[in-house]
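Residue-level structural notes
Chain by chain, the residues:
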Number of protein chains: 2
Amino acid sequence: MAAPSDIEDLIGLMARLPGLGPRSARRAVLQLLKKRGPLMAPLAQAMAHVALSARDCTVCGNIGTSDLCPICADPKRDTGEICVVEDVADLWAMERAGVFRGRYHVLGGTLSALDGVRPEDLRIPQLVARVREDGAREVILALNATVDGQTTAHYIADALSGSAAQVSSLGQGVPIGGELDYLDDGTIGAALRARRRF
Amino acid sequence: MAAPSDIEDLIGLMARLPGLGPRSARRAVLQLLKKRGPLMAPLAQAMAHVALSARDCTVCGNIGTSDLCPICADPKRDTGEICVVEDVADLWAMERAGVFRGRYHVLGGTLSALDGVRPEDLRIPQLVARVREDGAREVILALNATVDGQTTAHYIADALSGSAAQVSSLGQGVPIGGELDYLDDGTIGAALRARRRF
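Residues numbered from 1 in each chain as written. Chains lettered and ligands numbered in written order. Predicted model: local features only at pLDDT ≥ 70, side-chain atom pairs only at ≥ 80, totals over all residues. Heavy atoms only, no water.

For these two chains of identical sequence, chain A goes onto chain B by a turn of 180° and a shift of 0.1 Å along the axis, with RMSD 0.1 Å. Here the transformation between the copies is reduced to the relation of a two-fold axis. Minimal C-alpha distance to the rotation axis in chain A is attained by A:Ala44, lying at 2.5 Å. A high fraction, 100%, of the interface residues of chain A reappear at the interface in chain B, so the copies pair face to face through one surface. (Least-squares fit on C-alpha atoms with pLDDT ≥ 70 in both. Contact = heavy atoms within 4.5 Å.)

What follows is the structure, encoded as structure tokens:
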């Protein structure tokens, strides 16, 4: 190898990021090496800072830089509505949409008999306790429309059946900008069942 | 944004890497956040270390962690053969092939009238001086087969015409494993001109 071993080590670590393979990690590191001052040093510093300061929110499981994430710390967010998501990425996607003003609960995955993921492995007991303690009016299950996601949604709905909160799930149908010709049969079926008066 | 500003800053810096856009940078940072201990902290450390220690080899322009790169510091590499490449990435590609046992000279780009890149902006004067001082037998122009690459190759061949070194360039033709059907006309033409007795 032409590169010294510490540069090769850096390439090896970069290659473990999603979306980067060995070849694109090499290209990324070369780019960093060319921009050592303006890009590489600030990136290393930002990464070290976040690696040290990031922690899971003790209430909702979102990732922040203090024990309470910015959303749980925001008194303007409605505590009566809890949106349940699988993952922090889903929480961020919901926030990008900018339409939900309640709070979140990140499960950290979905139930899976195959992979041995049980309710206690997710943050489901904490959700049940939180709904009871906060007296939430509504729990919105914003889980992925996959088999595992929907299994988990059913489990949570059952677990919450004793509480006062209403349990709902995201609407299903044709995505905005979607063309029928490109949609799968399941989506078209769901959209037909969810049809509304025009 | 659901992420605190320092995580957003990190995403913004990651998005400036080649091969990562805003969306994949977000995914990469989420992955890092999930693996803070095993991946994010070592990556930040490796990056900070390389950002501090990396420097351009004073002889050939390769990137190393000392004033002489591993190749220029290796007494077993033949000083009589100098392979001229545009970029460090090209040097690494040559080294991966593992067939060249001489030394390199990295130009740092190609001549370009449009972008105002002149011979003094590249490391061409250093190359001419080095060939004369080292008494190199052969200079191999391993420049990309693009218009700018070939213009630069012609310029260097002219600049070296007074020296004792023989100037050569990489062979052109059908790549190993290449199918004629998928090759462009220029490559097929070059391969026909470079035909050999079977």
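Moving on to the sheet that holds strand E5 (residues 138–141) of chain B. Hydrogen bonding along the main chain pairs the strands of a sheet, whether they run parallel or antiparallel. Residues and elements named next belong to chain B. In space, the four strands of this open sheet follow the order E4-E3-E5-E6, with parallel pairing throughout. The open sheet terminates on both sides in strands that have one partner only, identified here as strand E4 (103–106) and strand E6 (166–169). Geometrically, the sheet is characterised by an average inter-axis angle of 25° between neighbouring strands, direction not taken into account. As paired strands, strand E3 (residues 81–85) and E5 are joined by four bridges and run parallel to one another. Residue pairing across strands places Ile82 opposite Val139, the latter belonging to E5. Along the sheet face, helix H5 (residues 124–134) touches E3, E4 and E5 and points at about 155° away from the line of E4. (Pairing = 2+ DSSP bridges. Helix = DSSP H or I, 4+ residues; strand = E, 2+ residues; numbered from the N terminus. Axes fitted to C-alpha atoms, helices over the stretch in contact; angles between N-to-C directions.)

In this section: the domain arrangement of chain A. Taken domain by domain, chain A holds domain 1 (5–53) and domain 2 (63–169). Using only C-alpha atoms to locate each centre, domain 1 of chain A and domain 2 of chain A end up separated by 34 Å. (Domains from an automatic or database assignment.)

Every contact between the two is made by 54 residues of chain A and, on the other side, 54 residues of chain B. Applying the counting rule to chain A against chain B returns four salt bridges. Between B:Arg36 and A:Asp56 there is a salt bridge, with the nearest N and O atoms lying 3.8 Å from each other. The tally of links between chain A and chain B comes to six residue pairs in polar contact (both at pLDDT 80 or more). When contributions to the side of chain A that touches chain B are tallied by element, the ones reaching two or more residues are helix H1 (5–14), helix H2 (22–34), helix H3 (36–53), strand E1 (55–56), strand E2 (63–64) and helix H4 (88–97) of chain A. In the side of chain A that touches chain B, the residues fall into 36 nonpolar, seven polar and eleven charged. (Salt bridge = Lys/Arg side-chain N within 4 Å of Asp/Glu carboxyl O. Polar contact = N/O pair within 3.5 Å; in protein donor to acceptor, adjacent residues only side chain to side chain. Nonpolar A, V, L, I, M, F, W, Y, C, P; charged D, E, K, R; others polar.)

Our next topic: the side chain of B:Glu95. Residue and element names in this part refer to chain B. Looking at the secondary structure, you find Glu95 in helix H4 (residues 88–97). Judged by its relative accessible area of 14%, Glu95 falls in the buried class. Among the polar contacts made by the side chain of Glu95, one reaches the side chain of Tyr104 at a distance of 2.5 Å. (Buried < 20%, exposed > 50% of the residue type's maximum accessible area, 1.4 Å probe, protein only.)

Turning next to the packing of H5(B) against helix H6 (residues 147–159) of chain B. Residues and elements named next belong to chain B. Running from N to C, H5 and H6 cross one another at 40°; their axes reach a closest spacing of 10 Å. In terms of orientation, H5 and H6 fall into the oblique class. In this structure, the crossing between H5 and H6 has a hand that is right-handed. When H5 is examined against H6, the residues Ile124, Leu127 and Val128 are found in contact with a partner set consisting of Thr152, Tyr155, Ile156 and Ala159. Across the contact of H5 with H6, the residue classes tally to six nonpolar, one polar and no charged. (Parallel < 35°, antiparallel > 145°, perpendicular 65-115°, else oblique. Left-handed = near helix turned anticlockwise from the far one by under 90°.)

As used here, a disulfide is simply a covalent bond connecting the sulfur atoms of two cysteines. By the definition in use, this model includes zero disulfides over all chains. Of all cysteine sulfurs, the one in A:Cys60 lies closest to A:Cys83, which takes part in no disulfide; the gap is 11 Å. The class of A:Cys83 is buried, set by a relative accessible area of 0%. Not part of a disulfide, B:Cys69 finds its nearest cysteine sulfur in B:Cys60, a span of 3.6 Å. (Disulfide = S-S within 2.5 Å.)

This paragraph deals with the sheet that holds strand E6 (residues 166–169) of chain A. Residue and element names in this part refer to chain A. Sheet architecture is open: four strands sit in the order E4-E3-E5-E6, paired in parallel fashion. Looking at strand neighbours, the two that pair on one side only are strand E4 (103–106) and E6, the edges of this open sheet. Across the sheet, the axes of successive neighbouring strands diverge by a mean angle of 25°, strand direction being ignored. Along the sheet, H4 makes contact with strand E3 (81–85) and E4, crossing E4 at roughly 160°. The strands touched by helix H5 (residues 124–134) within the sheet are E3, E4 and strand E5 (138–141), with E4 carrying the most contacts at an inclination of about 155°.

So, on to a nonpolar patch on the surface. Among the surface-exposed residues, A:Val174, A:Leu180 and A:Ile188 lie close enough to one another that they form a single nonpolar patch of about 250 Å² accessible area. With respect to the helices and strands, the residue A:Ile188 is situated in helix H7 (residues 185–193). (Patch = residues over 30% accessible without salt bridge, like charges linked within 9 Å, V, L, I, M, F, W, Y side chains within 5 Å. Areas by Shrake-Rupley, 256 points an atom, 1.4 Å probe, with all protein chains shown as cover.)

For the rest of this paragraph, the subject is the environment of A:Ile156. All names here are of chain A. Relative to the helices and strands, Ile156 resides in helix H6 (residues 147–159). In the structure, Ile156 is positioned twelve residues away from Ser168 in sequence and 11 Å away in space, judged by C-alpha atoms. Leave out the neighbours within four places in its chain, and Ile156 touches Val84, Leu107, Ile124, Leu127, Leu141 and Leu143.

This brings us to the pairing of E5(B). All names here are of chain B. Bridge count for E5 against E6 is four bridges, and the pairing is parallel. Note on E6: the bridge partner recorded for Val139 is Val167. A crossover connection joins E5 to the parallel E6 through H6; in handedness this β-α-β unit is right-handed. (Right-handed = clockwise from strand over helix to strand, strands pointing away.)

All names here are of chain A. Applying the stated criterion across every chain, the model contains 16 salt bridges over all chains. Here Glu95 makes a salt bridge to Arg77, at a shortest N to O gap of 2.8 Å. Taken together, the residues Glu95 in helix H4 and Arg77 in the loop between E2 and E3 connect sequence positions 18 residues apart. Across the pair Asp134 and Arg130 runs a salt bridge, and its minimum N-O distance is 3.9 Å. Note that Asp134 and Arg130 are positioned in helix H5 at a spacing of four residues, about one turn of the helix. Note on Asp134: relative accessible area 38%, which makes it partly exposed. Its relative accessible area of 8% is what places Arg130 among the buried residues.

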